[in-house]
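Take a look at the letters that make up each chain.
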Amino acid sequence: MLKIKNLQANIEDKEILKGINLEINPGEVHAIMGPNGSGKSTLSSVIAGKEEYTMTGGEILFEGEDLSELDPEERAHKGIFLSFQYPVEIPGVSVTNFMKASLNAHRKAQGLEDMPAKDMLKMIRDKSELLEIDRKFLSRSLNQGFSGGEKKRNEIFQMAMLNPKLAILDETDSGLDIDALKVVANGVNKLRSEDNAVLLITHYQRLLDYIVPDFVHVMVDGKIVKSGNKELAYELEERGYDWVKQEKSV
Amino acid sequence: MKLETCPLGRKLDTHKMELKDKLVSSFMAFEEAFDVDTDIHQLRSDAIKEFETLGFPSKKDEAWKYTSLNSVLKHDYSVFPNKEDAIDYKDIKKYLIHDIDSYKLIFIDGIYSSHLSQTTHDKIDVCLMSSALSKSKYKPIIENYFNKIVPKNSGLNALNTAFSKEGAFIHIHDNKSADMPIQIINFSTGNESALLVQPRNLIVVGENSQVQIIERHQSLTDHPVFTNSVTEVFAEKRAIVDYYKIQNDRDSASLIDNTFIEQKDESYCFMHTFSFGGKLTRNNLNFYQKGERSESTLKGITIIEGKQHVDHNTLVHHTSPNCESHQDYKGIFADNSVGVFNGRVLVDRDAQKINAFQSNNNILMDDKATINSKPQLEIFADDVKCSHGCTIGQLDEESLFYMRSRGIPLKEARALLMYAFANNVMESVKIPEIKKRITHQIALKLGVKLGFDL
């Protein structure tokens, strides 16, 4: 589904990604772990198409298609979803209105008519129940005044609405208490299928207790230095990142 | 080149002189129709002399630095339209907030249209300035209030006073409330090749009384129209005035709106100005707080394009302690449009414990769009909270990326963000039908589809 080969990327001439290789197939859950500043969030932004970053080498293929020339919205239409580490507040646009614009934009890209209001409202109701989101919440301005947990829950709610092929969850666990984490993880797990994949970007192993990964990758200084199964996450939790760095330098 | 530019400059000045002379001479014809032995006659005569001295403002005047009237004054305006033109309700329905019950004062080319209007004298007076100026029963009100808060230093105000004849007269007696909103709408039909109209409104809201007013100026053809309107509003103790100005005229119509509001103790006045169209619009909006614990709210949304020009010139003069004022103006400027915001807050030495807030935020959509924003705070009291903020910005990149990552195309994402930016001001609108109408108008202007039609 996603093939990243020797990906290099800069921001303002500073080299962040220094040759990433990653392959994700349908049905798989991958986790990328690593210390602060290793380039994890950059990788997710580059996949989603953030324009501040410049790809300086390598390639990103999604279902065989080169993503590098596509706008962020085109990537979204192809089925890539990025759950933000810091979701943006948009005062004046309600959650439902935003969802309507988003969903209908996806449909338009697929050559479909706008979804009938009745169907959309029903879908919003169903998916908000999945994430245990209060109905009142939906008419509030998007993310404005939301707590950290509410923002993250709202991200996964949007993911549920859009049903992406590849969901990238960037530090979705940060700022969540254990109950909120369970709700969010439960939401993600319910959305998993043989056809879609999940890329988790995280600092801590905690989230991986609830969303169990098939592969764990360790990223240090712009490179994936070690890959393994979920046991690797426990090892990292126990031993920290230093041994991986040392192993790398050896 | 010199030979060409010089006469051109002279030509513009000549236009100004021509119009001024024409107006001064017209005054003689105008006053023939009236009884010259009245107080109002004296006021008008003094005013025309004042206009003769002051003339039209030019860019040399500090308050008109960013707004030139040259392009407006170049037409040969008719001052007295020839005939009343009958228009049907169906032709103008869309310009009214028609889905609410309301009193209506409708003027066509400056002349009252009785068949389109709905007035009242039941508990409150919603009627015509012409009758208020001529009938003896209104004499005390006219003597107490008419032309009492219009400053003397403006040629435009003087011009309006000199020709003051028709407009809205609204008197809400003490302890009464208008049971439905009042719409004041001035249409121009284009019967004249160019028309100058000068509505003159007086609104007196008694103690413990309330009123909601909607005002609009609308041209029905592409003939040039120049409206120079003066409105005086008096809010007595504990009165509540909720006023909406809807400005969405054609590119042939220009408006100078001079509004003066005096507030007594514990009165609340809200003014919302929605400027979405017109060739040149200048809002001179002046609040005089003359009583403790009174509150003024001035909000505006401006969304213009092409060569449109909107200038908000506000004044809040705090003379009494323990009062508040809130100003929030938002503007979105596309193409070559020009916006001006000049917000003056004046706090007298005795006006302690004042909260005065002012904010003016703008988005320029194109390189050629312009905004001139100038806050002016003059504070002579020492125990006050005053703040002002002004931003001129592009849209937030992170927000745009967020929306695009959810599949919303750039153009739509920009529109949605601008909609959100402007729509924030709408929270304080108290008439749901206006809120709905204006929200829809904003969405339409920005090309945003929102809401659910079930």
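Structure: see above.
Residues numbered from 1 in each chain as written. Chains lettered and ligands numbered in written order. Predicted model: local features only at pLDDT ≥ 70, side-chain atom pairs only at ≥ 80, totals over all residues. Heavy atoms only, no water.

> Please clarify how the interface of chain B and chain A should be interpreted in this entry.
Often the size quoted for an interface is simply the accessible area lost on bringing the parts together. Facing 25 residues of chain B, the contacting portion of chain A comprises 40 residues. Summing the contributions of chain B and of chain A, the shared interface buries around 2600 Å²; its carbon and sulfur component is 64%. Across the chain B-chain A interface, the total number found is 5 salt bridges. B:Arg404 is the partner of A:Asp71 in a salt bridge, and the nearest nitrogen-oxygen pair spans 3.7 Å. At the surface where chain B touches chain A, the tally comes to 12 residue pairs in polar contact (both at pLDDT 80 or more). For the side of chain B that touches chain A, the elements supplying multiple residues, two or more each, are helix 8 (397–405) and helix 9 (410–423) of chain B. Residue composition of the side of chain B that touches chain A, by class: 13 nonpolar, 6 polar and 6 charged. (Contact = heavy atoms within 4.5 Å. Buried area = accessible area lost by both parts, 1.4 Å probe. Salt bridge = Lys/Arg side-chain N within 4 Å of Asp/Glu carboxyl O. Polar contact = N/O pair within 3.5 Å; in protein donor to acceptor, adjacent residues only side chain to side chain. Helix = DSSP H or I, 4+ residues; strand = E, 2+ residues; numbered from the N terminus. Nonpolar A, V, L, I, M, F, W, Y, C, P; charged D, E, K, R; others polar.)

> Can you help me understand empty space enclosed by the protein in this one?
Rolled over the atoms, a probe as big as a water molecule pinpoints where empty space is left. All names here are of chain B. Taken as a whole, this structure holds 6 cavities of 30 Å³ or more when the rule is applied. By volume, the largest cavity amounts to about 80 Å³. Surrounding the largest cavity, His217, Thr227, Gln247, Asn248, Asp249, Ala253, Ser254, Leu255, Gly277, Gly278, Leu280 and Thr281 form its lining. For the lining of the largest cavity, the elements supplying multiple residues, two or more each, are strand 10 (240–248), strand 11 (253–263) and strand 13 (280–289). Examining the composition of the lining of the largest cavity, we find that 3 residues originate from one element, strand 11, more than from any other. In the lining of the largest cavity, the residues fall into 3 nonpolar, 8 polar and 1 charged. (1 Å grid on protein atoms, 1.4 Å probe; cavity = no way out; pocket = protein on both sides within 12 Å on 5 of 7 lines; lining within 4 Å. Points joined across faces, edges and corners; volume = space filled by probe spheres on them.)

> I would appreciate a short explanation of the environment of B:Val79 in the present structure.
All names here are of chain B. By the element assignment, Val79 lies in the loop between helix 3 (70–73) and helix 4 (89–92). The exposure class assigned to Val79 is buried, which follows from its relative accessible area of 13%. Along the chain, Val79 and Gln358 lie 279 residues apart, while their C-alpha atoms are 38 Å from each other. Each residue touching Val79, except ones within four places of it in the same chain, is listed here: Lys22, Leu23, Ser26, Phe163 and Leu196. (Buried < 20%, exposed > 50% of the residue type's maximum accessible area, 1.4 Å probe, protein only.)

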